[in-house]
Amino acid sequence: MKLAHNITLQRKQILMLVGAAALLIALIGFIERHFHYRALRKEVEDLARVRVTIIHAEPAPKERRLDLPANLAAWYQAPIYAQVSGYVKMWYKDYGAHVKTGDILAEISTPSLDAQYEAAKANYEVVAAQYRLAVITAERWAALRNTQAVSRQEVDVQAANAAAKKAQVDQARHEVERFEALENFKKIVAPFDGIVTSRRVNVGDYVNEGSGDLNARGGASELFTVADIHRIRVFVSIPQGYASIISDKLSAKITVPQYPGRKFTASYLATAQAFSPATRTVVTELALDNTDHILWPDSYATAHFIVPGTPDILIIPVNALIFRAQGTQVATVVDHHIHLVSVETGINYGMTIQIIDGIKPGDDIVGNPTADMMEGDEVKIVPTTKGYNDKAAQSAVPPNHPVAPVQVLPDRAAPEHVGAIRK
């Protein structure tokens, strides 16, 4: 009996120990789960806040650099057409030939014009002879005016006939002068000192009066083109936002692809003082010396402008702007909450843009706003990616903003934990 009692007592003690151990294990599990629950809830609440990086508006640079496409043109350039019809007898100047004013470029054979010229001269001789006869007759009739041999009417008729012959002589002389001028057009000459930049004529080609060489389809083209390139005109279309830089003091460095590393200085010449409605640009003309003829007309170039900046105006990255129905806005951070501010923008520099009004230099601006960011949203400030924007990273987070490391839950664990919290 005593042995059975001892065995029963030992069993009760073992059961009590097992129960105590189970209770302790359950208590430890409950406590551990409670702490995990609190940590997970804190972590989820932290992840629910949008991560933002902070930037600050900076003053615009003291100097602005503006690179714009430009076109080079000759100082003078003239397409030369034929003024008489005929066949090309000979051409004397080819592509690239240097010519002086009056140099003969080509000659045109005009048999029909020559015949008309000779006929005009013969007609002039006939009319001149008739005029001389009319003058002699009028003088003789005028001498008999005070006699009874002729009437006064006949004297006046002979005087009027002489005057009419004089007018016919003048007309015939002008006709001869006209044909003389056309005869001079048989020789195509250079209008000024320059270079022949095109020759579209060959021996035997038929050229038409008032136009040029007639091609197979009947279209007309110039015979020659002569360009004076001792100076070069530079045409630049300046956008409306930069029109304020245009003045008599404007200058630019010109670069061309064929001479990499070499820059030419061009000075202001004129401006159109009117914007193109299609491009909102104003054509501005610059000029540069080209005495060595190294630059050629109709070349593509780039004009590099350095103009005074506006350091009193703030600039921010363009991607910091938010475009909504309320207008252009930026998102600022006040006590870890979003505050949307409407701003007035100025010149767009491409990566950055002027802010005329709405923000101050010390404002904390969200550098990566999202489209759904709303007023009052709680956010968490994080540093920018290292190496992406070092300058911005140094000033991204002010000293009074604590930065916590970003914690990301595994994709598969997140739904379960969120469900546990909701339960």
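Refer to the structure presented above.
Residues numbered from 1 in each chain as written. Predicted model: local features only at pLDDT ≥ 70, side-chain atom pairs only at ≥ 80, totals over all residues. Heavy atoms only, no water.

K.L.:
Looking at this structure, I do not really get the packing of aromatic side chains. What am I missing?
P.N.:
Ring pairs (aromatic) are described by centroid distance and by the angle formed between their planes. Considering all chains together, one arrives at 3 aromatic pairs under this definition. Aromatic pair W75 and Y76: ring centres 6.3 Å apart, planes at 70°, arrangement edge-to-face. The class for W75 is buried, based on a relative accessible area of 14%. Taking relative accessible area as the criterion, Y76 reaches 45% and is therefore assigned partly exposed. Centroid distance Y76 to F192: 6.0 Å. Interplanar angle 50°. Geometry classified as tilted. Here F192 lies in the loop between β8 (187–189) and β9 (194–199) and Y76 lies in strand β4 (residues 63–80), a separation of 116 residues in the sequence. Of the aromatic side chains, those joined through ring pairs into one cluster are W75, Y76 and F192. Positioned above the aromatic ring of F179 is the side chain of R178, whose terminal nitrogen or guanidinium carbon lies 4.6 Å from the ring centre. Against the face of W75 rests R231, its NZ or CZ located 4.8 Å from the ring centre. (Phe/Tyr/Trp six-rings, centres within 6.5 Å; stacked < 30°, edge-to-face > 60°. Buried < 20%, exposed > 50% of the residue type's maximum accessible area, 1.4 Å probe, protein only. Helix = DSSP H or I, 4+ residues; strand = E, 2+ residues; numbered from the N terminus. Lys NZ or Arg CZ within 6 Å of the ring centre and 35° of its normal.)

K.L.:
Explanation requested: helix α3 (residues 152–184) in the structure shown.
P.N.:
Note on helix geometry: an α-helix contains 3.6 residues per turn, so any two residues three or four positions apart are oriented the same way. Taking 1.5 Å per residue, 33 residues should reach 48 Å; α3 reaches 49 Å between its end C-alpha atoms and fits that length. Those residues of α3 lying buried are V155, Q158, A162, K165, V169, A172, V176, F179, L182 and E183. (Expected span 1.5 Å × (residues − 1).)

K.L.:
What am I meant to see in the pairing of β9 here?
P.N.:
Regular strands show a simple pattern: their side chains alternate between the two faces of the sheet. Most of β9 sits out of view: 5 of its 6 residues are buried. Pairing geometry for strand β6 (residues 98–99) and β9, over 2 bridges, is antiparallel. Its bridge partner being in β9, V99 is matched across the sheet by G194. Here β9 pairs with strand β13 (residues 224–239) via 4 bridges, running antiparallel. Along β13, the bridge assignment pairs V196 with V226. (Pairing = 2+ DSSP bridges.)

K.L.:
Is there a simple way to explain the pairing of strand β15 (residues 264–271) in this structure?
P.N.:
Of the strand pairs in this sheet, strand β14 (residues 251–255) and β15 are connected by 4 bridges, and their pairing is antiparallel. Paired with A252 across the strands is A266, a residue of β15. Bridging between β15 and strand β16 (residues 281–289) involves 4 bridges; their strand directions are antiparallel. Bridged to Y268 within β16 is L286.

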